[in-house]
Amino acid sequence: RFIAKPCAINLGIQDSGPHRAQPNAILEKVFTSITKSPDGKRLEGLAKQLDWDVRKIQRWFRHRRNQDKPTTLTKFCESMWRFTFYLSIFFYGIRFLWTAPWFWDTRQCWYNYPFQPLTSRLYYYYILELAFYWSLMFSQFTDIKRKDFLIMFVHHLATIGLITFSYMNNMVRVGTLVLCLHDASDFLLEAAKLANYAKYQRLCDAFFMLFGVVFIVTRLGIYPFWILNTTLFESWELIGPYPSWWLFNGLLVTLQVLHIIWSYLIIRTAYKALVRGKV
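Computed from a prediction, not measured in an experiment: that's the story for all the values here. (Residues numbered from 1 in each chain as written. Predicted model: local features only at pLDDT ≥ 70, side-chain atom pairs only at ≥ 80, totals over all residues. Heavy atoms only, no water.)

A. Seen up close, the packing of aromatic side chains. This structure, assessed with the given rule, holds 26 aromatic pairs. Geometrically, the ring pair formed by Phe85 and Tyr86 is edge-to-face, given 6.2 Å between the ring centres and 65 degrees between the ring planes. The two residues Phe85 and Tyr86 agree in class, both being buried. An angle of 80 degrees between the planes, with centres 6.1 Å apart, marks the rings of Phe103 and Trp226 as edge-to-face. Here Phe103 is found in helix α6 (residues 101-104), whereas its partner Trp226 is found in helix α10 (residues 201-238), with 123 residues between them in sequence. Taking the relative accessible area as the measure of exposure, Phe103 reaches 16% and is therefore buried. Seen from the ring of Trp52, Lys56 lies directly overhead, with NZ or CZ sitting 4.3 Å from the centre. (Phe/Tyr/Trp six-rings, centres within 6.5 Å; stacked < 30°, edge-to-face > 60°. Buried < 20%, exposed > 50% of the residue type's maximum accessible area, 1.4 Å probe, protein only. Helix = DSSP H or I, 4+ residues; strand = E, 2+ residues; numbered from the N terminus. Lys NZ or Arg CZ within 6 Å of the ring centre and 35° of its normal.)

This is how it looks when you write it as structure tokens:
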């Protein structure tokens, strides 16, 4: 409200919504109770009932559908908030992990487990991430509805489950690696959205392509061969399996399935962008 909105206005993004439909009780009832896109037969019936032209009724429904869509300003502000958090927490994580021994040798995640100290910096990193994903869990029902709502819902559940479970079981060392790896590409996607809303097409394309490369390298390369390798194999070797080990790794594998789905969508989008010449 106090930072993102003024930035958007300075970039020329207008605080005006789409053209509002003319108030009409009959059409509003059809729109809310029956259908948002009436077929030809229903359109003809409404035209006779209201003594309107069919094209006028079609135009009313189009305006009414657009009326519910969020403005570009609203989307810009939401993306700017997420961009700010993802960028800040990523640099915090990198700065913290750079001096951590398990960042360079993943076997350190399991030495002397579970008797590993929980430092204040590690604690704050975990609590900040957990608080943010809980906020996303609730706000996704009021935020802008996107096509991947169901996938994101599963993602938030798995992430909150992993953060909480790993904290309770003192698996925070490997947990920090998972968190930092996921934050590496998220801020680039939000940056691409911001550039798109501000109509900087080339900057949007560049950020999206960079996001795609970083996402695929981290989620399909580093994550399975570095993170899953240590949670599935190195932990088995050093501390052995136990009941919660199966749940922990089950959640991590669920994340990998989501990574594969998203990577497919990103590659498909990038291919279409190359064919059309823009994202």
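B. Geometry of unusual backbone geometry. In the segment running from Tyr113 into Pro114, the intervening peptide bond is cis, with an omega of 5 degrees. Its location among the elements puts Pro114 in the loop between α6 and α7 (120-139). Of note in this structure, Lys199 is not a glycine but carries a positive phi near 65 degrees.

C. Structural context of empty space enclosed by the protein. Scanning the model with the defined rule gives one cavity of 30 Å³ or more in all. In this model, the largest cavity occupies a volume close to 160 Å³. In this structure, the largest cavity is lined by 14 residues; those nearest its centre are Thr159, Leu162, Ile163, Val178 and Leu179. Of all the elements in the fold, those that place two or more residues in the lining of the largest cavity are α7, α8 (149-168), α9 (172-197) and α11 (243-276). For the lining of the largest cavity, a count of residues per class yields nine nonpolar, five polar and no charged. (1 Å grid on protein atoms, 1.4 Å probe; cavity = no way out; pocket = protein on both sides within 12 Å on 5 of 7 lines; lining within 4 Å. Points joined across faces, edges and corners; volume = space filled by probe spheres on them. Nonpolar A, V, L, I, M, F, W, Y, C, P; charged D, E, K, R; others polar.)

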